[in-house]
Amino acid sequence: MLLIHPPQARNCEPPVALAHLAGALKAAGEPVTILDGALEGYIWLTGQPRFSEEDRQAARVFRKREKILTFPSAISSLDNYKRQVHEIKLLASSSRPVAERGIRLSPADYDDPSLNPLSSDDLIKSWSNPEENLYFPWFRERLDSLFRDKENHIVGLSLIYLSQALTGLAICGWIRKAFPHIRIQIGGGLINSWLKGPSDTSFLFSMADDVYGGKGEEAVVRFAGRTYKGSGRPWYGDLYDENSYLTPGRILPYSGSRGCSWKRCTFCSEKWEDNPYCETGAAAAVDDLISLSEQHSPALIHLCDSEISPLLMDEIVRRPPGPRWYGFSRFLPAMTDKAFCRNLAGSGCRMLCLGLESGDQQVLNSLKKGIRLDMVSIILENLKEAGISTFVYIMFGTPAERRDSAERTKDFVAAYSSYIDFLNVSIFNMPVNSEEAEGLESGFFYDGDLSLYREFAHPGGWNRVNIRNFLTKDFRSIREIRTILNRNLPVFTSNHAPFLAESVSLEN
Ligand code: SF4
């Protein structure tokens, strides 16, 4: 079976979902090939002729292409790092195929001004006219060679991010046209969200032989005509040998669980999609991590769970897998214990991504975050003292927030800025299937019939314009906050942050 991760998605590590699907297929005896189009397609674009002969900067960057596509093993200077990422973007955006169509492209994103991935009409257009897709020359040639191999007569196409939708369905359409005997299954997180949303998704079912949402291991094995024999150990094929990912050090992605065991936060799609929570037992997960680390020698393990389970953390502390690791965690009560945090650091924990969302306790209560600010402040301090970097997520504009609560968030972040290494600031989007919207004036989809969010009139008038003004004029004006925000890494953000935390002093 051929598993395809279409362009464009962040290409600094192998696609973890496909590695898990491949593991289940291998366990069932099915031969597997993984095509990481997010990396291959992007690298192909960077090598295409330049759009303008006169563009000196593009020509200069193109001459250094090989060097620019290789990160040094340590990020020694934030300025040098940012310059390199800018040049990686320029390599693709100044290529003829991208520039002549006015497409905005980065290693993590794809924005075609003529097609909207949230419009079912545009997705159907992309599927019907694959020859018009930006990546067509690349995927035509690549699929030709892959389908010469008779083992690749079944395809699993994984759509996880919106930025993959147009090209993913163009690839699907091309396989239908050029290789009609090949059977195709479409799945992935984006498909799951669409299937669980209120939009009409019936068009997807005429594009492929099977469309599947949710945890896909069993479904993909059945589609391949095999008997499911368990999820097996994730399998990365020759992705590490054949591809050079855009990263300072090799990253091994791994998911110890799917869904979220908490699943109560009112702003989160995990709640509204009601995705089931399932986890690999902690001991089995650490066995996997130890074995995969021996096999692939990563510089860093990326735990891709929505929230790393406390049991898995305990087991990692008991049996550290070797390399440094990072991932998403809740603010756990256990972290109020300094010794626990020191043990986490001792197990290789380099960074934790933590959802704070608000510095106002009432807002946190209304979001059902299940955390207390007094606990958060102790945890931030303990993690810092233990040498674990923190990537803190905050969000403005939830229905319960008012301007004064946003001020309290600003004050909280400023007060604890010396314990916060990175900040992700976002504006709340109302999930399309959220019950929160009931009673609020809401309705229209943002951009298209497949939007996963809908507009709503904030009950306190705390709307996006006001929030943007607040962020620019008030939030950013605090020196300590600005220092953290200036440290944010473009494009690769948290995926590369542990490397920065490793090599640059993060004193505020
Ligand atoms: S803990 Fe995280 S993943 Fe779980 S419901 Fe809350 S925001 Fe979503």
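Residues numbered from 1 in each chain as written. Predicted model: local features only at pLDDT ≥ 70, side-chain atom pairs only at ≥ 80, totals over all residues.

1. A closer look at unusual backbone geometry
- Put simply, Pro-7 and Gln-8 share a cis peptide bond, and its omega is 5 degrees.
- Looking at the secondary structure, you find Gln-8 in the loop between strand E1 (2-5) and helix H1 (16-27).
- At Lys-368, a position not held by glycine, the phi torsion is positive, near 60 degrees.
- Mapped onto the elements, Lys-368 comes out in the loop between helix H18 (361-367) and helix H19 (373-386).
- Phi at Val-491 takes a positive value of approximately 65 degrees, unusual for a residue other than glycine. (Helix = DSSP H or I, 4+ residues; strand = E, 2+ residues; numbered from the N terminus.)

2. Quick look at the sheet that holds E1
- Spatial strand order, E2-E1-E5-E6-E7: 5 strands in an open sheet with parallel pairing. Strands with a single pairing partner mark the edges of an open sheet, and in this sheet they are strand E2 (33-36) and strand E7 (210-211).
- In the sheet, strand E5 (residues 154-158) pairs with strand E6 (residues 183-187) via 5 bridges, with the strands oriented parallel. Across the sheet, the residue bridging to Leu-157 is Ile-186, located in E6. (Pairing = 2+ DSSP bridges.)

3. Brief notes about the pairing of E6
- With 4 of its 5 residues buried, E6 lies for the most part within the structure.
- The handedness of the E5 to E6 crossover, carried by helix H9 (residues 165-178), is right-handed.
- Judged from the 2 bridges that link them, E6 and E7 form a sheet pairing that is parallel. Its bridge partner being in E7, Ile-186 is matched across the sheet by Val-211. (Buried ≥ 20, exposed ≤ 12 C-beta atoms within 10 Å, placed from the backbone. Right-handed = clockwise from strand over helix to strand, strands pointing away.)

4. Focus: the environment of Thr-247
- Take Thr-247: it is sitting in the loop between helix H13 (239-242) and strand E8 (251-254).
- Exposure remark for Thr-247: the 21 C-beta atoms within 10 Å place this residue in the buried category.
- Measuring from C-alpha to C-alpha, the distance between Thr-247 and Phe-492 comes to 8.8 Å, with 245 residues separating the pair along the chain.
- What Thr-247 contacts, discounting residues up to four positions off in sequence, is Cys-12, Glu-13, Phe-71 and His-496. (Contact = placed C-beta atoms within 7 Å.)

5. Considering the domain arrangement of the protein chain
- On domain assignment, one finds that the protein chain holds domain 1 (2-49 + 95-223) and domain 2 (247-503).
- Here domain 1 and domain 2 have C-alpha centroids that lie 28 Å from each other.
- Breaking the side of domain 1 that touches domain 2 down by element, the ones donating at least two residues are H1 and helix H10 (189-196).
- The dominant element in the side of domain 1 that touches domain 2, judged by the number of residues it contributes, is H10, at 4 residues.
- Per-class residue counts for the side of domain 1 that touches domain 2 are 8 nonpolar, 9 polar and 4 charged. (Domains from an automatic or database assignment. Nonpolar A, V, L, I, M, F, W, Y, C, P; charged D, E, K, R; others polar.)

6. Observations regarding the site of the ligand
- The local shell around the ligand consists of Cys-260, Trp-262, Lys-263, Arg-264, Cys-265, Cys-268, Glu-270, Lys-271, Ser-306, Glu-307, Arg-330 and Gly-355.
- A per-class count over the shell around the ligand returns 4 nonpolar, 2 polar and 6 charged. (Near = placed C-beta within 6 Å.)

7. Considerations on the pairing of strand E12 (residues 324-329)
- Within E12, 5 of the 6 residues are buried, leaving the element largely enclosed by the surrounding structure.
- Relative to E12, strand E11 (residues 300-303) runs parallel, the two sharing 4 bridges. Within the sheet, the bridge partner assigned to His-302 lies in E12 and is Tyr-326.
- Sheet topology note: the E12/strand E13 (residues 349-357) ladder contains 5 bridges and is parallel. Looking across to E13, one finds that Ser-329 is bridged to Leu-354.

8. A few points about the packing of helix H3 (residues 56-63) against helix H5 (residues 78-93)
- Interaxial distance between H3 and H5 falls to 9 Å at its minimum, and their mutual angle equals 105 degrees. It follows that H3 is roughly perpendicular to H5 by the angle criterion. Together, Ala-58, Val-61 and Phe-62 of H3 and Glu-87, Leu-90 and Leu-91 of H5 make up the contact between the two elements.
- Its residues placed into classes, the contact of H3 with H5 shows 5 nonpolar, no polar and 1 charged. (Axes fitted to C-alpha atoms, helices over the stretch in contact; angles between N-to-C directions. Parallel < 35°, antiparallel > 145°, perpendicular 65-115°, else oblique.)

9. Some words on the nonpolar core
- Within the largest apolar cluster, 137 residues are counted, with the highest numbers of intra-cluster contacts made by Leu-3, Leu-25 and Cys-172.
- When residues of this core are assigned to domains, at least three fall in each of domain 1 (2-49 + 95-223) and domain 2 (247-503).
- Excluding residues within four positions of it along the chain, Cys-172 makes contact with Trp-127, Leu-157, Ile-184, Ile-186, Met-207 and Ala-208. (Core = buried A, V, L, I, M, F, W, Y, C linked by C-beta atoms within 7 Å.)

10. Considerations on the packing of helix H7 (residues 120-128) against H9
- Across the interface, H7 lies against H9 with an axial gap of 7 Å and an inter-helix angle of 40 degrees. Judged on the interaxial angle alone, H9 and H7 are oblique. The two elements H7 and H9 cross, and the hand of that crossing is right-handed. Counted together, Leu-123, Ser-126, Trp-127 and Ser-128 of H7 and Ala-165, Leu-166, Leu-169, Ala-170, Cys-172 and Gly-173 of H9 form the full contact between these two elements.
- Its residues assigned to classes, the contact of H7 with H9 shows 7 nonpolar, 3 polar and no charged. (Left-handed = near helix turned anticlockwise from the far one by under 90°.)

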